[in-house]
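Residue-level structural notes
Residue strings, one per chain:
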Amino acid sequence: MNTSAKPDSANERLISDLASDLAPVQRLRPPIVRAFTWLAVVAAIAIALAVIANVSALGHRLSAAADMWLSVTGSTLTAILAAIAAFQLSLPDARRIWALLPAPAGLLWIVASGAGCLRTWFLPGTHVADLSEARDCLIFIVGLAVPLSGLLIVMLRRAYPLQPELTALVAGLASAAAAATLLNFFHPFDAAATDLAVHVFAVALVIGTNWGLSGRLLATNFLRDNVTRGVARSN
Amino acid sequence: MMASSSWAASAGPFPARHASKDVIVAAYSWSRRPERRMNAVLTQDADTDLRRSIWMAAAQAGDGAAYRALLRDCIPVIKSAARRRGVAADHVDDVVQDVLLTIHRARQTYDPRRSFTAWLYVIADRRAIDLIRRIRRQDLREVHAPLAFEDHADQTADPAQGLVYADATSTVTRVMASLPARQREAVQHLVLEERSLADTAVLTKRTAGSLKVNLHRALKALRERIERWD
């Protein structure tokens, strides 16, 4: 064992404090396994919603328009990839580049949803969402994203992200994409410009709130560090 | 709580890839990531890395002795990472302490199948960057102006404070001088010099019990005499 450190140094005192404070810990499972645990909860909600929703009408809508398929695929993949990226980023030695993992799927989601808008010009008979329907979309996305984000943040806090804001941002994207995917069960109309704007606003609201609030929740580790260091130095 | 030094027994599952010295160096030598390239240098001796992994796995199981050895072993690596990032010499110990605390808080995230030194190096590098940013932010907020500081009048200063303090000090010194030698000794070491009971016992060759009794009597006498003096 290396005992070369000076016995009186602050470092040595800190090491003694930490070693005497040591409790056995359970190793975290791999990030991908933890991500799929969260996605399993989302899938369980999806199954519960499928029981209530009219699934055959959903299938009919999706088979009628290719871009809706792409949009749903994009949002689903965004949720899956963003969840994996968030769990990767929650590790202290994670690379920032993980944050780009959901980017291609996110792009597909945005482009396909935007393409849906154009159809309302080509097909005048398409049902366009009015304001009350758009408000329902907003409430659904935000209402579902809040508990999903909460669960995700609780799970992420078990690790130790050294980039809390980025982790929270990606976690917000995962929750918002999951909520937007589940919205399709109750979305009997195409994404027209007003509706799309509401979706974008809802998703941005969820991501922004996560970034601002959850970033701080994940960053409380740093505050605790400073407190502990103060104690260690005063000993 | 200190567990016995049974780290070798409680180390848990270990990868076959640690078995060869060449494997870790080979795994990172091609890497474009600077910390991995650096790590290839740091883990030239793969045995060191394997030993750290075993210590960390034992620490995860609650072995305090292995943990203490591991943290001591980490200090040179952390200092090297901090210096490489350009942390000033007088702040290197801050990075060391930040990283030691981070290891402690994040120990459940370490997977013993992976290189410990690589894990440590990335954390140390990130903490060094955090500290540099913190110092830069602090420098932006604070101005170094020693003359302005000296010229600034302290509104709360009381000119008589020095006299009051000197008076109180001389009272305590005089009352202290009137105490019996053993009691004076107890106050001197335990209160004024803030030594521990064990250290004072060794220094004065008295038992801890006798020191406690003498200190108790001395404080009681001091309280009575100072009140009388006032």
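So, a few notes on the structure that sits alongside this text. (Residues numbered from 1 in each chain as written. Chains lettered and ligands numbered in written order. Predicted model: local features only at pLDDT ≥ 70, side-chain atom pairs only at ≥ 80, totals over all residues.)

1. Thoughts on the overall build of chain B
A tally of regular secondary structure across chain B gives 11 helices and zero strands. Scanning chain B from its N terminus toward the C terminus, one meets helices and strands in the order α-α-α-α-α-α-α-α-α-α-α. Out of the 230 residues in chain B, the part that is buried amounts to 33%. Of all intrachain contacts in chain B linking residues separated by at least 6 positions in sequence, the fraction that spans at least 24 positions is 69%. (Helix = DSSP H or I, 4+ residues; strand = E, 2+ residues; numbered from the N terminus. Buried ≥ 20, exposed ≤ 12 C-beta atoms within 10 Å, placed from the backbone. Contact = placed C-beta atoms within 7 Å.)

2. With respect to the overall build of chain A
Per the secondary structure count, chain A includes eight helices and zero strands. Of all 235 residues assigned to chain A, the portion counted as buried reaches 41%. Contacts spanning at least 24 positions in sequence make up 85% of the contacts within chain A whose residues lie at least 6 apart.

3. Brief notes about the interface of chain A and chain B
On the side of chain B, 32 residues touch chain A, which itself brings 28 residues to the contact. Those elements giving two or more residues to the side of chain A that touches chain B turn out to be α1 (10–20) and α8 (193–234) of chain A. Its residues assigned to classes, the side of chain A that touches chain B comprises 17 nonpolar, seven polar and four charged. (Nonpolar A, V, L, I, M, F, W, Y, C, P; charged D, E, K, R; others polar.)

4. Let's talk about the environment of A:His187
In this fold, A:His187 is placed in the loop between α7 (164–183) and α8. Separated by 50 residues in sequence, A:His187 and A:Cys137 place their C-alpha atoms 8.2 Å apart.

5. Overview of the environment of A:Gly208
Here A:Gly208 shows up in helix α8. The sequence separation of A:Gly208 and A:Leu169 amounts to 39 residues, and the corresponding C-alpha distance is 7.3 Å.

6. Remarks on the packing of helix α4 (residues 64–85) of chain B against helix α6 (residues 116–141) of chain B
Residue and element names in this part refer to chain B. Close contact between α4 and α6 brings their axes to 9 Å; oriented N to C, the two are set at 45°. As judged from the angle between their axes, α4 and α6 are oblique. In the packing of α4 onto α6, the handedness of the crossing is right-handed. Counted together, Cys74, Val77, Ile78, Ala81, Ala82 and Arg85 of α4 and Thr117, Leu120, Tyr121, Ala124, Asp125, Ala128, Ile129 and Ile132 of α6 form the full contact between these two elements. A breakdown of the residues in the contact of α4 with α6 according to their chemical character gives 11 nonpolar, one polar and two charged. (Axes fitted to C-alpha atoms, helices over the stretch in contact; angles between N-to-C directions. Parallel < 35°, antiparallel > 145°, perpendicular 65-115°, else oblique. Left-handed = near helix turned anticlockwise from the far one by under 90°.)

7. Points about the nonpolar core
Judged by nonpolar contacts, the single largest core of 98 residues is most densely connected at A:Ala86, A:Val170, A:Ala174 and B:Ala124. Setting aside residues no more than four positions away along its own chain, A:Val170 makes contact with A:Ala82, A:Ala85, A:Ala86, A:Leu89 and A:Ala99. By size, the runner-up hydrophobic cluster in this structure holds five residues, among which are B:Leu190, B:Leu211, B:Leu215 and B:Ala218. (Core = buried A, V, L, I, M, F, W, Y, C linked by C-beta atoms within 7 Å.)

8. A short note on α7(A)
If you check α7(A), its first and last C-alpha atoms are 28 Å apart, about what 20 residues at 1.5 Å a residue would give, namely 28 Å. Most of α7(A) is tucked away: 18 of the 20 residues are buried. (Expected span 1.5 Å × (residues − 1).)

9. Topic: unusual backbone geometry
Residues and elements named next belong to chain B. Even without glycine at this site, Glu194 takes up a positive phi of about 55°. The backbone of Lys205 sits at a positive phi, close to 60°, despite the residue not being glycine. In this structure, Lys205 sits in the loop between α10 (197–204) and α11 (208–229). By C-beta crowding, Lys205 is classed as exposed, having 6 other C-beta atoms within 10 Å.

10. Points about the environment of B:Arg51
Examined against the element boundaries, B:Arg51 turns out to sit in helix α3 (residues 46–60). Between the C-alpha atoms of B:Arg51 and B:Leu70, which are 19 residues apart in sequence, the distance is 8.7 Å.

11. Looking at the packing of helix α9 (residues 181–192) of chain B against α10(B)
Residue and element names in this part refer to chain B. In contact at an axis separation of 10 Å, α9 and α10 are set at 135° when each is read in the N-to-C sense. Comparing their axes, α10 and α9 come out oblique. Regarding α9 and α10, the two cross each other, and that crossing is right-handed. Seen from α9, the contacting residues are Glu185, His189 and Leu190; seen from α10, they are Leu197, Thr200, Leu203 and Thr204.

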